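In case you want the letters, here they are:
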Amino acid sequence: MARIPEELIDSIRSQADIVDVVSDYVTLRKAGKNYKGLCPFHDEKTPSFSVNPERQIYHCFGCGKGGNVFSFLMEHENVTFVEAVRHIARRLNITIPDTYRQREAGSEAESLAQVTRFAARFFHERLLNAGRDSIVRRYTERRGLSEETVKSFGLGYAPDSWNDLLNAARNQGIDAALLVKAGLAKTGEQRTYDAFRKRLIFPIQAPSGRVVGFGGRALSDEDQPKYLNSSESPIYRKSQVLYGLYQARDALRQRGRVLVVEGYMDLLGLYEQGIHGAVALCGTALTREQARLLARYGQQAFLVYDSDQAGVRATWRAIEPLVESGLWTRIVRLPEDYDPDSYVREHGPDGFMKLVDSADSIADFMGHHANLQGSGDREEVFRTLTELIRKTTNLVHRETYREEAERRFPALQGLLASELRSPGAVQRDRRAPRAEGAPDGDAMVERDLVQLMLDGRAIAELVENQLEPRDFKHPLYRRIVELCFARLGGEGTYDLSGLIDTIGDDEAARMMTELINASDSGVNLEQRARDHIIRIKQKRLKESMARLMEQIKQMEKGGRSDELNDAMATYMELKQQEKVLLQSARGD
Ligand SMILES: [Zn+2]
């Protein structure tokens, strides 16, 4: 089984820009030399996730996760190391020769990713090649979908056939069972058949752009259901994906405002009119995970749901996760009998954005749609509102929500104020405990020395000449030292980002990124390293001498004089070593 050569991996890693890659998933802001953002690996509302462009590493001060560009992708996209390397290579237009393909080594996720990629391309080509008067082209024409939109979203066509995709896949050597697993085929009593037939296909992409699932819209009214979604698979978790997020990323970063719509066609209709900062739910209620995902890209969420009963119910349910994720939340009220697509087509993008600008507050929305006749219902609304405001951690948002609620429901005045003053009103971010307790003096020396070793080759070589891994007491530091030494002797370049690739256990990687992020660099690095080395050596000498002295005492009791003489000689030797060591420390 061929492996990707170390030099190629080094070259790919050194050309990658971690800020660029991480920015696909996290909105980063410059903070000094580093970039900061909300951690994608734990739930937080104030940024503790830091990316260091100089070192090409990331580290989270909240949950402790850290690593390089490859580990980020492995962790975030749940892919193998090889997949992560390939992903970066593709971004950089670096070709990895086919001889290094690891066909048999592919994980299930890798195989599924290949199948969905194949299917997406297959459906897309079917649409591009469909004749002008085909049923799918007549449909895209009627819905006003331009060629540009078709291509940006990779829209596709599943023809009216039971085995069009299955046959094409078989010709490519793709197993039907994989298509079933990916939700693209179904197994009946007699045979396996294509799940999507006679439908316009919407490939559902992860924030990285990778296709993970599919939605399909029926092309004729008699076909049911109108919308069909591929089932969940190891790479497709509906609660964690938002349709259109990949295409909306830039717009969201620029404007910080995200429109949340219900359906694929709502989103495409808006996109067609130049409104690019929208995402759509793929036939599910908005989940907490989706809200948190959005909070990484924008600060304000505008819910744009249909004005029918189902739409109002869905809006009601979507408010809480959005507020909880820290997004400033507004509700766009469409006039009756409109959906976002029909409204923007009739009133144009400016007309639509006017509607967005005059969006309802949460209190207004609830006041408008709740049945406030009975006092029980009123209480219910008050309780819901109070609870929402209580859950808002952003103090400015909180105050504004409260004012709006009191304006809409004067009866809430005073009540809210006292409710919100009660204990536990503001939930603080829970920080994960540090990876270790506060280090004592010796551990501090080891820690600082390891930090310096990670800083550059020269110091690592200095340490290698003077110490051995076992001179380090802390097991994690010892492990890192071992890795550093191995890297010094290996073929790869000696840098932190490269070191991280050689680590099996990620606790060491976390420690490495934590150390580097905590490093103050400063001056006289080499002198500092020399001082630490001497201190560690001295410490180990003292330990050896103490052990030896114990033995000597035992020997004196036992009266074994020849052994005693040897031991005394060794002791004097150690004493001499210590003297030399201290002289060199003073620079004598
Ligand atoms: Zn974190």
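## Observations concerning the packing of helix α24 (residues 525–558) against helix α25 (residues 561–586)
Piece 1. Contact pair α24 / α25: the axes reach a minimum separation of 10 Å and the direction vectors enclose 160 degrees. In terms of orientation, α24 and α25 fall into the roughly antiparallel class. Viewed along their axes, α24 and α25 form a crossing whose handedness is left-handed.
Piece 2. A class-by-class count of the residues in the contact of α24 with α25 yields 15 nonpolar, five polar and six charged.

## Side note on the pattern of salt bridges
Piece 1. Under the counting rule described, the total for this entry stands at 37 salt bridges.
Piece 2. The closest approach of N and O atoms between R457 and E461, which form a salt bridge, is 3.1 Å. With R457 and E461 both in helix α20 (residues 457–466) and four residues apart, the pair spans about one turn of that helix.
Piece 3. A network of salt bridges, in which partner residues are shared, links D20, D24, R91 and R249.

## As for the environment of E44
Piece 1. Relative to the helices and strands, E44 resides in the loop between β2 (34–37) and β3 (49–52).
Piece 2. Residues E44 and N34, 10 residues apart in the sequence, show an inter-C-alpha distance of 19 Å.
Piece 3. In terms of polar contacts, E44 uses its side chain to reach the backbone amide nitrogen of C39, at 2.6 Å.
Piece 4. Within polar-contact distance, the side chain of E44 engages the side chain of S48 at 2.3 Å.

## Observations concerning helix α3 (residues 69–77)
Piece 1. Most of α3 is tucked away, with seven of its nine residues classed as buried.
Piece 2. Of all the residues in α3, the buried ones are V69, F70, S71, F72, L73, H76 and E77.
Piece 3. Sitting at the amino-terminal end of α3 is N68, which places a side-chain oxygen 3.0 Å from the backbone nitrogen of F70.
Piece 4. Note on α3: the residue one or two positions beyond its end, N78, has a positive phi of about 55 degrees.

## Observations concerning empty space enclosed by the protein
Piece 1. Applying the stated criterion across every chain, the model contains four cavities of 30 Å³ or more.
Piece 2. Reported here for the largest cavity is a volume of approximately 50 Å³.
Piece 3. If you go around the largest cavity, the residues you meet are D442, V445, E446, R535, I536, K539 and R540.
Piece 4. Of all the secondary structure elements, the ones that give two or more residues to the lining of the largest cavity are α19 (441–455) and α24.
Piece 5. Examining the composition of the lining of the largest cavity, we find that four residues originate from one element, α24, more than from any other.

## Let's talk about the side chain of T386
Piece 1. The residue T386 is located in helix α16 (residues 375–391) in this model.
Piece 2. If we skip the residues at most four places from it in the chain, T386 touches L416, E419 and L420.

## Thoughts on the nonpolar core
Piece 1. Within the largest apolar cluster, 73 residues are counted, with the highest numbers of intra-cluster contacts made by I12, F49, L294, I319, I362 and L385.
Piece 2. If one sorts the elements of this core by residue count, helix α13 (residues 309–324) sits on top with six residues.
Piece 3. The residues touching L385, leaving out its near neighbours within four places in the chain, are I362, A363, M366, A405, F409 and L412.
Piece 4. One finds F122, V136, I204 and V241 within the second-largest nonpolar core, a separate group that totals 66 residues.

## Topic: the coordination of the zinc ion
Piece 1. Listed as protein donors to the zinc ion are C39 (SG), H42 (ND1), C60 (SG) and C63 (SG); their distances from the metal cover 2.1 to 2.3 Å.
Piece 2. Coordination at the zinc ion comes from four donor atoms whose angles at the metal span 101 to 119 degrees, giving a geometry best classed as tetrahedral.
Piece 3. Counting the intervening residues between successive donors of the zinc ion yields the motif C-x2-H-x17-C-x2-C. The residues C60 and C63 share a single accessibility class, namely buried.

## A word on helix α17 (residues 395–408)
Piece 1. For α17, spanning 14 residues, the distance from its first C-alpha to its last is 20 Å, which sits close to the expected 20 Å at 1.5 Å a residue.
Piece 2. Among all positions of α17, only H397, R398, Y401, R402, E404, A405 and E406 are buried.

## Observations concerning the domain arrangement of the protein chain
Piece 1. Considered domain by domain, the protein chain is made up of domain 1 (6–100), domain 2 (108–236), domain 3 (245–349), domain 4 (365–421) and domain 5 (441–583).
Piece 2. With centres defined by C-alpha atoms, the gap from domain 2 to domain 3 works out at 24 Å.
Piece 3. Counting residues at the interface gives 24 residues for domain 2 and 16 residues for domain 3.
Piece 4. Taken over both partners, the interface formed by domain 2 and domain 3 buries close to 1,600 Å², and the fraction arising from carbon and sulfur atoms is 61%.

## Observations regarding the sheet that holds strand β14 (residues 300–304)
Piece 1. Across the sheet, four strands lie side by side as β13-β12-β14-β15; this open sheet has parallel pairing. Looking at the sheet topology across the chains shown, the edges are occupied by β13 (278–280) and β15 (328–331). For this sheet the average axis-to-axis angle between neighbouring strands, irrespective of direction, equals 25 degrees.
Piece 2. Of the pairings in the sheet, the one linking β14 to β15 comprises four bridges and is parallel in character. Across the sheet, residue L303 finds its bridge partner in β15, namely I331.

## Focus: the sheet that holds strand β10 (residues 211–218)
Piece 1. Spatial strand order, β6-β9-β10-β11: four strands in an open sheet with antiparallel pairing. At either end of the open sheet lies a strand with only one pairing partner, and these are β6 (156–158) and β11 (227–229). With direction set aside, neighbouring strand axes in the sheet form an average angle of 30 degrees.
Piece 2. Inspection of the sheet shows strand β9 (residues 199–205) paired to β10 by seven bridges, in the antiparallel sense. Residue pairing across strands places L200 opposite R217, the latter belonging to β10.
Piece 3. Here helix α11 (residues 264–272) sits on the sheet in contact with β9, β10 and β11, set at roughly 80 degrees to β9.

## What to know about the packing of aromatic side chains
Piece 1. In the structure shown here, the tally under the stated rule is 24 aromatic pairs.
Piece 2. Each ring, one from F153 and one from Y243, has its centre 5.9 Å from the other, and the planes form 40 degrees; the classification is tilted. Here the residue F153 occupies a position in the loop between α7 (147–152) and β6, and Y243 occupies one in the loop between β11 and α10 (245–255), the gap between them amounting to 90 residues. With respect to class, F153 is no different from Y243; both count as buried.
Piece 3. Each ring, one from F153 and one from Y271, has its centre 4.7 Å from the other, and the planes form 90 degrees; the classification is edge-to-face. Of this pair, F153 sits in the loop between α7 and β6 while Y271 sits in helix α11, and the two are 118 residues apart along the sequence. Across this residue pair, the class does not change: F153 and Y271 are buried.
Piece 4. These aromatic residues form a ring-pair network of at least three members: F153, F202, Y227, Y243, Y264 and Y271.

Parameters and conventions
Residues numbered from 1 in each chain as written. Predicted model: local features only at pLDDT ≥ 70, side-chain atom pairs only at ≥ 80, totals over all residues. Heavy atoms only, no water. Axes fitted to C-alpha atoms, helices over the stretch in contact; angles between N-to-C directions. Helix = DSSP H or I, 4+ residues; strand = E, 2+ residues; numbered from the N terminus. Parallel < 35°, antiparallel > 145°, perpendicular 65-115°, else oblique. Left-handed = near helix turned anticlockwise from the far one by under 90°. Nonpolar A, V, L, I, M, F, W, Y, C, P; charged D, E, K, R; others polar. Salt bridge = Lys/Arg side-chain N within 4 Å of Asp/Glu carboxyl O. Polar contact = N/O pair within 3.5 Å; in protein donor to acceptor, adjacent residues only side chain to side chain. Buried < 20%, exposed > 50% of the residue type's maximum accessible area, 1.4 Å probe, protein only. 1 Å grid on protein atoms, 1.4 Å probe; cavity = no way out; pocket = protein on both sides within 12 Å on 5 of 7 lines; lining within 4 Å. Points joined across faces, edges and corners; volume = space filled by probe spheres on them. Contact = heavy atoms within 4.5 Å. Core = buried A, V, L, I, M, F, W, Y, C linked by side-chain atoms within 4.5 Å. Donors = N, O, S within 2.8 Å, 3.2 Å for Na, K, Ca; no water. Tetrahedral: all angles 85-135°; square planar, octahedral: opposite > 155°, others 65-115°. Expected span 1.5 Å × (residues − 1). Domains from an automatic or database assignment. Buried area = accessible area lost by both parts, 1.4 Å probe. Pairing = 2+ DSSP bridges. Phe/Tyr/Trp six-rings, centres within 6.5 Å; stacked < 30°, edge-to-face > 60°.

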